[in-house]
Amino acid sequence: MKFSVIIPIYKAEAYLEKAVRSVLNQTYSDYEIILIDDGSPDKCPLMCDRYSAINPKIRTIHQQNAGVSIARNNGIKVAKGDIICFLDADDEWDMDFLKNVSMLYDLFPNIHASFTARFIRTPDGHLQLLQMPSKDKYFILDKLFGNVQYCRTSSLTVKKQLFHTLRPFREHVKRGEDLDLILRIFCNYKIGYCNIPLLIYNADTLFNSSSVSALSYFPYEEWYKYNYPNHRDLIIHTTGLIKDKIYKLLSEHYYRKAINLFLKGKWFSYLYHKLSVFFV
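Residues numbered from 1 in each chain as written. Predicted model: local features only at pLDDT ≥ 70, side-chain atom pairs only at ≥ 80, totals over all residues. Heavy atoms only, no water.

**Q** Sorry, what's going on with the pattern of salt bridges here?
**A** Oppositely charged side chains are able to pair whenever their charged atoms sit close together. Scanning the entire structure with this criterion turns up 13 salt bridges. A salt bridge links lysine 2 to aspartate 106; its shortest N-O distance comes to 3.8 Å. Of this pair, lysine 2 sits in the segment before strand E1 (3-9) while aspartate 106 sits in helix H4 (residues 97-107); the two residues are 104 residues apart in sequence, bridging distant segments of the chain. According to the relative accessible area criterion, aspartate 106 is exposed, its value standing at 55%. Taken together, the salt bridges that share partners define one network made up of Arg72, Asp88, Arg152 and Glu177. (Salt bridge = Lys/Arg side-chain N within 4 Å of Asp/Glu carboxyl O. Helix = DSSP H or I, 4+ residues; strand = E, 2+ residues; numbered from the N terminus. Buried < 20%, exposed > 50% of the residue type's maximum accessible area, 1.4 Å probe, protein only.)

Dropping the structure here:
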């Protein structure tokens, strides 16, 4: 089997049908769907069981609520496909998503992961195109920082063999765990890109992580130690996220934690690299 599509599910009753249907409507047929019910308190568990009962391509795993990272990791453990795809329960794929991703891996057999361009659907139904400024439809990412906005977890695919040596999603983290995995992949492997919009990302849904507490954010200071090829970009991007996390901690009145995090930031290096842009 080529693809395993992992869909973590929590309070996604309003969106789940469209997400699952977008996979079942794929023009490429060599795949399985793994639904991970993360203890959802709505009708999602019953919906998952119904999908599994009527379609042999679909498997359902029920677990106590433990968060999206544990849900995705449990899906990875049971996946049978050579390539693992991650689709959030409130997002949708174009019918040619798997077809184009398969073509991307065929064109670049040395890549270990991939992304595609996407549309962002706003609450009023407007579709905003998010696509790299490139004339090529298929290519390998030459840098991650600067292109992060084009890389969404719901269009992420990863060769399963990669997880034999690389730790999967950081568990018990609700914001930033996906970018951490993407960064670790980029530091060690090549990532392909399909510059065709094949994902519809629904903004501002209940499944969105933007409202979680700063206590659940990834410990971004760990990134300073990562072997990213462009140290300047690593410092700037990491310190910028630390700055945002400090503001969030302060707004939530976690003053001591904000101070402790401030002491871990590489502020002089950050300012040096930011200012150096004006003198290049």
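Okay, back to it.
**Q** Explanation requested: the packing of helix H6 (residues 231-251) against helix H8 (residues 267-276) in the structure shown.
**A** A packed helix pair is summarised by two numbers, namely the angle formed by the two axes and the spacing between the axes. Relative orientation of the contacting elements H6 and H8 amounts to 120°, with a least axis distance of 9 Å. Taken together, H6 and H8 sit at an angle that is classed as oblique. Handedness of the H6/H8 crossing: left-handed. Facing Arg232, Ile235, Ile236, Thr239, Gly240, Ile242, Lys243 and Ile246 of H6, the residues of H8 in contact are Trp267, Ser269, Tyr270, His273, Lys274 and Ser276. In terms of residue class, the contact of H6 with H8 is built from six nonpolar, five polar and three charged. (Axes fitted to C-alpha atoms, helices over the stretch in contact; angles between N-to-C directions. Parallel < 35°, antiparallel > 145°, perpendicular 65-115°, else oblique. Left-handed = near helix turned anticlockwise from the far one by under 90°. Contact = heavy atoms within 4.5 Å. Nonpolar A, V, L, I, M, F, W, Y, C, P; charged D, E, K, R; others polar.)

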